Amino acid sequence: MINLILFGPPGSGKGTQAAHLVEKFGLTHISTGDLFRYELGNNTPLGQEAKKYMDKGELVPDSVTISMLENKMNMTPNPKGYILDGFPRTLAQAKALDAILQGRDTKVTHLLALDVDDEEIVKRLLERGKTSNRADDANEEVIRKRIVEYNAKTSPVFDYYDKSGVSKKIEGVGSVEEISTRLAAALV
Ligand code: ADP
């Protein structure tokens, strides 16, 4: 069973690559960003709560995020495996994920980190902001805040899984196909 954390800064291509990997490996894709945007679109209490943080480029609190992720995983109880995209983003989330997977007699098998430098990220997100309809992509200040959050809170998750030998960096610049091939090669 593959349980992949697709890792990397905002705008590093996780969503695009996840779609390719779902096709190649038949895994179940869960993106916490997409889940929050769905809630936001439906103006649910969870969406309204998340919006306060997302609009500022901050992380949504762990308790909210973890219970949403767990609910989603419970809706797909017997997957071939998961691709988690945008989760875990903090050490507390990583520990919660380990406990959830342990309860199912499985664990994180791979963490693949798309490596893209900060200036390239800002450029890509501003470009995406022209068409994505995402408030958090339209504003350079919010983009830079997301990068700060990533470096401070999320990047330690790489080292956390590195201790169990599952973390790996993947060059994240190139064509979509090239990057997809690199990821697939790291998954076998
Ligand atoms: P990106 O990777 O481009 O920043 P995402 O769609 O993954 O976009 O996330 C958008 C926003 O949703 C984040 O900036 C954050 O506010 C919130 N979010 C998504 N996933 C998490 C998470 N695991 N923990 C906390 N906040 C999250």
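Keep in mind it's a predicted model, so treat the numbers as computed, not measured.

*Asks:* Run through helix α9 (residues 176-187), naming residues and quoting values.
*Replies:* Taking 1.5 Å per residue as the helical rise, α9 with its 12 residues ought to reach 16 Å, and the 17 Å between its terminal C-alpha atoms agrees with that figure. Where α9 is concerned, the buried positions are Ile179, Ser180, Leu183, Ala184, Ala186 and Leu187. The buried side chains of α9 occupy one side of the element, clustering within an arc of 160 degrees when seen end-on. Turned more than 90 degrees from where α9 packs its buried face, Glu177, Thr181 and Ala185 sit exposed. Where α9 is buried, its residues touch β1 (2-7), α1 (14-25), β4 (110-115) and β5 (167-171).

*Asks:* So what's going on with the site of the ligand? Which residues, and what values?
*Replies:* Around the ligand there are 20 residues in total, and Thr32, Arg37, Glu58, Gly86 and Arg128 lie nearest to it. One of the backbone nitrogen or oxygen atoms of Val60 is found 3.0 Å away from a nitrogen atom of the ligand. Arg89 places a side-chain nitrogen or oxygen 3.0 Å from a nitrogen atom of the ligand.

*Asks:* A description of unusual backbone geometry should follow, citing residues and the corresponding values.
*Replies:* Cis peptide bonds are those with omega within 30 degrees of zero, and the linkage from Phe87 to Pro88 qualifies with -5 degrees. With respect to the secondary-structure elements, Pro88 resides in the loop between β3 (81-85) and α5 (91-102). The phi torsion at Asp105 lies on the positive side, around 60 degrees, for a residue other than glycine. Along the chain, Asp105 turns up in the loop between α5 and β4. For Asp105, a relative accessible area of 76% puts it in the exposed group. You will see that Asn133, though not glycine, has its phi angle at about 65 degrees, which is positive. One can find Asn133 in the loop between α6 (118-129) and α7 (140-154). In this structure Asn133 comes out as exposed when scored by relative accessible area, which is 79%.

Definitions and cut-offs
- Throughout this description, residue numbers start from 1 for each chain and increase along the sequence as written.
- Only residues with pLDDT of at least 70 get local features here, since the model is predicted, and only at 80 or more are side-chain atom pairs given and counted; chain-wide, interface and lining totals rely on the full set of residues.
- The side-chain values count all of the structure's non-hydrogen atoms but skip hydrogen atoms and water molecules.
- Helix and strand assignments come from DSSP, with helices taken as H or I runs of at least 4 residues and strands as E runs of at least 2, each series counted from the N terminus.
- How far a helix is expected to stretch is found by multiplying one less than its residue total by 1.5 Å.
- Partly exposed describes any residue whose relative accessible area lies between the buried limit of under 20% and the exposed limit of over 50%, with all areas from a 1.4 Å probe on protein chains only and scaled to the type maximum.
- As used here, the arc belongs to the directions running from the helix axis to the C-beta atoms.
- Whether two residues are in contact is decided by their heavy atoms, any of which lying within 4.5 Å being enough.
- Near residues are defined by distance, with any heavy atom within 4 Å of the molecule or strand qualifying the residue.
- Contacts described as polar in this section are N or O atom pairs within 3.5 Å, which, within protein, must combine one atom able to donate a hydrogen with one able to accept it, while residues neighboring in sequence count only if both atoms come from side chains.

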